[in-house]
Amino acid sequence: MTLQEIIEKRYSVRSYLDKPVEEEKLLKVLNAGRLAPSAVNFQPWKFVVVKDSENKKAFESVYHRDWFNQAPVYIIICADHTQSWKRAADEKDHADIDAAIAIDHMTLMAIELGLGTCWVCNFYTDQCREKLNMPEHMEPVAILSLGYPANETTPNKKRKSLDDVVIWESF
Ligand SMILES: Cc1cc2nc3c(=O)[nH]c(=O)nc-3n(C[C@H](O)[C@H](O)[C@H](O)COP(=O)(O)O)c2cc1C
């Protein structure tokens, strides 16, 4: 698959087959995140893998959706605010941006491997922290569900047109 095809094929998968993800594929997805760029190359992240059935069960209350429970793997992408780059001009913390790039790398690698993902940010962060014994300086940025999609076809992408989003030269 070309990168263009991978980008077009990716969508938020909210229905998964009851089929485990092979260790080798999981490691490839995680490695794609590891290879992502980050501000000053600080790599201020940890990727927590939850796939043990008991631990997954405990996550049902973190994000309460039937489809989410179906996914065989959760990757919780956590930002480390003690390691992230803060811009001198305004002290903007770039941890979220770095984490988002790592997540996007994972979503695209998943496609190459025949897997599907869904970003989840609308979850109970306090519960997530508690279940993972997360240190205070870390932030759970997103949960990525990962597994084999139940449906093969990519739904039509509803997107603004290029004209709507591109500004040439200046506002
Ligand atoms: C930062 C971010 C947070 C998201 N949070 C959720 C979420 O909590 N639950 C969910 O079902 N989808 C979530 N999504 C998926 C979006 O709804 C989805 O990407 C968007 O509607 C575009 O659809 P597509 O991914 O199928 O192309 C999130 C996506 C992003 C990028």
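Residues numbered from 1 in each chain as written. Predicted model: local features only at pLDDT ≥ 70, side-chain atom pairs only at ≥ 80, totals over all residues.

Asks: How would you summarise unusual backbone geometry if you had to cite specific residues and measurements?
Replies: One non-glycine residue, glutamine 43, adopts positive backbone phi at about 50 degrees. At glutamate 169, a residue that is not glycine, the phi angle is positive and equals roughly 75 degrees.

Asks: Account for the pairing of strand 4 (residues 138-147), naming residues and giving values.
Replies: With 10 of 10 residues buried, strand 4 lies mostly within the body of the structure. Judged from the 5 bridges that link them, strand 3 (residues 116-120) and strand 4 form a sheet pairing that is antiparallel. Along strand 4, the bridge assignment pairs threonine 117 with leucine 146. (Buried ≥ 20, exposed ≤ 12 C-beta atoms within 10 Å, placed from the backbone. Helix = DSSP H or I, 4+ residues; strand = E, 2+ residues; numbered from the N terminus. Pairing = 2+ DSSP bridges.)

Asks: Please set out the site of the ligand residue by residue, giving values where relevant.
Replies: In the vicinity of the ligand, the contacting residues are Tyr11, Ser12, Cys118, Trp119, Val120, Cys121, Asn122 and Lys157. When grouped by side-chain class, the residues that make up the shell around the ligand number 5 nonpolar, 2 polar and 1 charged. (Near = placed C-beta within 6 Å. Nonpolar A, V, L, I, M, F, W, Y, C, P; charged D, E, K, R; others polar.)

Asks: I'd like a rundown of the nonpolar core, residues and numbers included.
Replies: In this structure, Ile75, Ile77, Ala99, Met106, Leu144 and Leu146 are the most contacted members of the largest nonpolar core, which totals 36 residues. Discounting chain neighbours no more than four positions away, the residues touching isoleucine 75 are Phe47, Val49, Met106, Leu144 and Leu146. (Core = buried A, V, L, I, M, F, W, Y, C linked by C-beta atoms within 7 Å. Contact = placed C-beta atoms within 7 Å.)

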